[in-house]
Amino acid sequence: MTAGNEDTAPTSHRRLSIAMIGTRGVPAAYGGFETAVEEIGRRLVDRGHDVTVYCRRTAQPVPKEYLGMKLVELPALRHKILETLSHTGLSVLHATLHRRADVAFVFNAANAPFVPWLRLRGIPSVVHVDGLEWKRDKWGGAGRRYYRWAEEVSVREADALIADAQGIVDYYRDEFSIPTELISYGTRILQDTPTNRLFELGLRPGGYHLVVARFEPENHVDVIVDGYRASGARLPLVVVGSAPYAADHTTRISDLAASDSRIRMLGSVWDQDQLDQLYTHASTYLHGHSVGGTNPSLLRAMGAGTKVIAWDVIFNREVLGTDGAYFSRAESLSALLEDAELSPERVAEVAAALQRRAEELYNWDSVAASYEKLARRVAVGYSTHRQSSGRAGVSTRSIPDSMHRQPSTAPSRGITL
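Conventions adopted
- Residues numbered from 1 in each chain as written.
- Predicted model: local features only at pLDDT ≥ 70, side-chain atom pairs only at ≥ 80, totals over all residues.
- Heavy atoms only, no water.
- Pairing = 2+ DSSP bridges.
- Helix = DSSP H or I, 4+ residues; strand = E, 2+ residues; numbered from the N terminus.
- Axes fitted to C-alpha atoms, helices over the stretch in contact; angles between N-to-C directions.
- Contact = heavy atoms within 4.5 Å.
- Phe/Tyr/Trp six-rings, centres within 6.5 Å; stacked < 30°, edge-to-face > 60°.
- Buried < 20%, exposed > 50% of the residue type's maximum accessible area, 1.4 Å probe, protein only.
- Lys NZ or Arg CZ within 6 Å of the ring centre and 35° of its normal.
- Core = buried A, V, L, I, M, F, W, Y, C linked by side-chain atoms within 4.5 Å.
- Domains from an automatic or database assignment.
- 1 Å grid on protein atoms, 1.4 Å probe; cavity = no way out; pocket = protein on both sides within 12 Å on 5 of 7 lines; lining within 4 Å.
- Points joined across faces, edges and corners; volume = space filled by probe spheres on them.
- Nonpolar A, V, L, I, M, F, W, Y, C, P; charged D, E, K, R; others polar.

Some remarks on the sheet that holds strand E13 (residues 308-311)
- Spatially, the six strands line up as an open sheet ordered E11-E10-E9-E12-E13-E14, and their pairing is parallel. Both edges of this open sheet fall to strand E11 (263-267) and strand E14 (325-327), since each of them pairs with a single strand only. In this sheet, adjacent strand axes meet at a mean angle of 25° when their direction is disregarded.
- The sheet contact formed by strand E9 (residues 209-212) and strand E10 (residues 237-240) spans four bridges and is parallel. For Leu210, the partnering residue across the bridge sits in E10 and is Val238.
- Each of E9, E10, E11, strand E12 (284-287), E13 and E14 is contacted by helix H7 (residues 221-229), which is oriented at about 170° to E10, the strand it contacts most.

Written as structure tokens, this is what we have:
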């Protein structure tokens, strides 16, 4: 689960004080980072560590403690770009003015410019770099330049970097000549999931296709809706998601969906029990994410024992392997949907194989153990700080293509074009 420096972990088992900064916080109800913080943080507490999670202030106040983790609630500016940065800045300020942590995990490379503040207080810092945010269309020129700059700050200032996919590890190695720890996400393996919350929505088990995603261009919800519209699928398409800062793209998706009575737009669903039931009982889960590393929604579908049809990029192939089916345009998705409805037995076989793969490769206990091992190494002096001064020899123009589609070298199992 881990790549990069191969130093032997210290044998010390002393209690560590660990800060987790840069996410919306816990209880997890929003995205992958929040789920990771909850699952990793609670396990670090079980391993005897003192964990503090910084949370964004919302209409519902957070408790002082959750699953053994201490929670610090701070405000943030409600702005597309400044929300994350304003909250992280306040979180780092709080962390530097109070009890010094032994190590801070900072999530999202965009927050790396605050790492020097932690360094001034003597707090070793690990940055989880996430995916390649500068590739997202939602960011304008200034936003993309900021993310590229923030990557360089991560490389120069952090004591260690974490990536959740081999493709991201390769990118930081080739672009910056820096070792990066490969620690993926975990997922829950769902068995005997009830159906009561499904019936509330007028759905039946196995009776719909599902997509769960923020409405951002890189997640290709519009392509999925378009491909479904052009298909002869009999089962409805259930779309879960929204985007607070992408009104034009949301309107396009809504307009496409409005022209087909088979499509049901549910908006955001925050009830995690209901989401579990939606994932578990879908005929197929359609995954259009193309930017980033290992996507938690994809793992959630696998853990739920759901059949996955995914956008054809290296990150999704890394997770699904030969058990996935892949599309890169609306037309190919249409054919895959029709094939899935015609071959329910083979679809079920693939779903079971994906769940076994998730259980074997994406285990939260193993993920937490890797975080603990890295925290101990960093706490006693391991650091990549200043090992790299910036970008190495790879042309930034070539990187988007190298991270994009990976030609299929093996047939998908169960659902094929």
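So much for the structure itself; the text now carries on.
Some words on the packing of aromatic side chains
- Under the defined criterion, the tally for this structure stands at 11 aromatic pairs.
- Pairing Tyr185 with Trp364 gives two aromatic rings, centres 6.4 Å apart and planes at 65°, and the pair type is edge-to-face. Placement of the pair is Tyr185 in the loop between strand E8 (181-182) and helix H6 (196-199) and Trp364 in helix H14 (residues 364-379), with a sequence separation of 179 residues.
- Relative accessible area serves as the criterion here: at 6%, Trp364 is assigned to the buried category.
- Aromatic ring contacts, followed pair by pair, group Tyr146, Tyr147 and Trp149 into a single cluster.
- Positioned over the ring face of Tyr326 is Arg317, at 4.0 Å from the centre of the ring.
- Stacked on the ring of Tyr382, the Lys or Arg Arg377 has its end atom at 4.4 Å from the ring centre.

So, the sheet that holds strand E2 (residues 50-56)
- In spatial order, the strands read E3-E4-E2-E1-E5-E6-E7-E8; together these eight strands make up an open sheet with mixed pairing. In this open sheet, the two strands that pair with only one neighbour each are strand E3 (65-66) and E8.
- Relative to strand E6 (residues 125-128), strand E5 (residues 103-107) is paired through four bridges, and the arrangement is parallel. Its bridge partner lying in E6, Phe107 is registered against His128.

Digging into the nonpolar core
- With 60 residues, the main nonpolar core has Ile18, Val53, Leu210, Leu278, Met302 and Val308 as its most contacted residues.
- The residues that make up this core include at least three from each of domain 1 (17-182) and domain 2 (195-362).
- Those residues in contact with Leu210 that lie beyond four places of it in its chain are Leu237, Val238, Val240, Leu278, Tyr279, Ala282, Thr284, Tyr285 and Leu286.
- Ala19, Ala109, Val115 and Leu182 belong to the second-largest nonpolar core, a separate cluster that totals 31 residues.

As for the pairing of E2
- Burial analysis of E2 places seven of its seven residues in the buried class, which makes it a mostly covered element.
- Alternating residues of E2 divide into Asp50, Thr52, Tyr54 and Arg56 and Val51, Val53 and Cys55, and every residue in both groups is buried.
- Across four bridges, the pairing between strand E1 (residues 17-21) and E2 is parallel. Opposite Ala19, over in E2, you have Thr52 as the bridge partner.
- With five bridges joining them, E2 and strand E4 (residues 69-74) adopt parallel strand pairing. Residue pairing in the sheet places Cys55 in a bridge with Glu73 of E4.

Considerations on empty space enclosed by the protein
- Under the definition given, this model contains two cavities of 30 Å³ or more.
- Volume-wise, the second largest cavity comes out at about 30 Å³.
- Around the second largest cavity, the lining residues are His289, Ser290, Val291, Gly292, Gly293, Asn295, Val313, Phe315 and Asn316.
- Taken together, the residues of the lining of the second largest cavity sort by class into three nonpolar, six polar and no charged.

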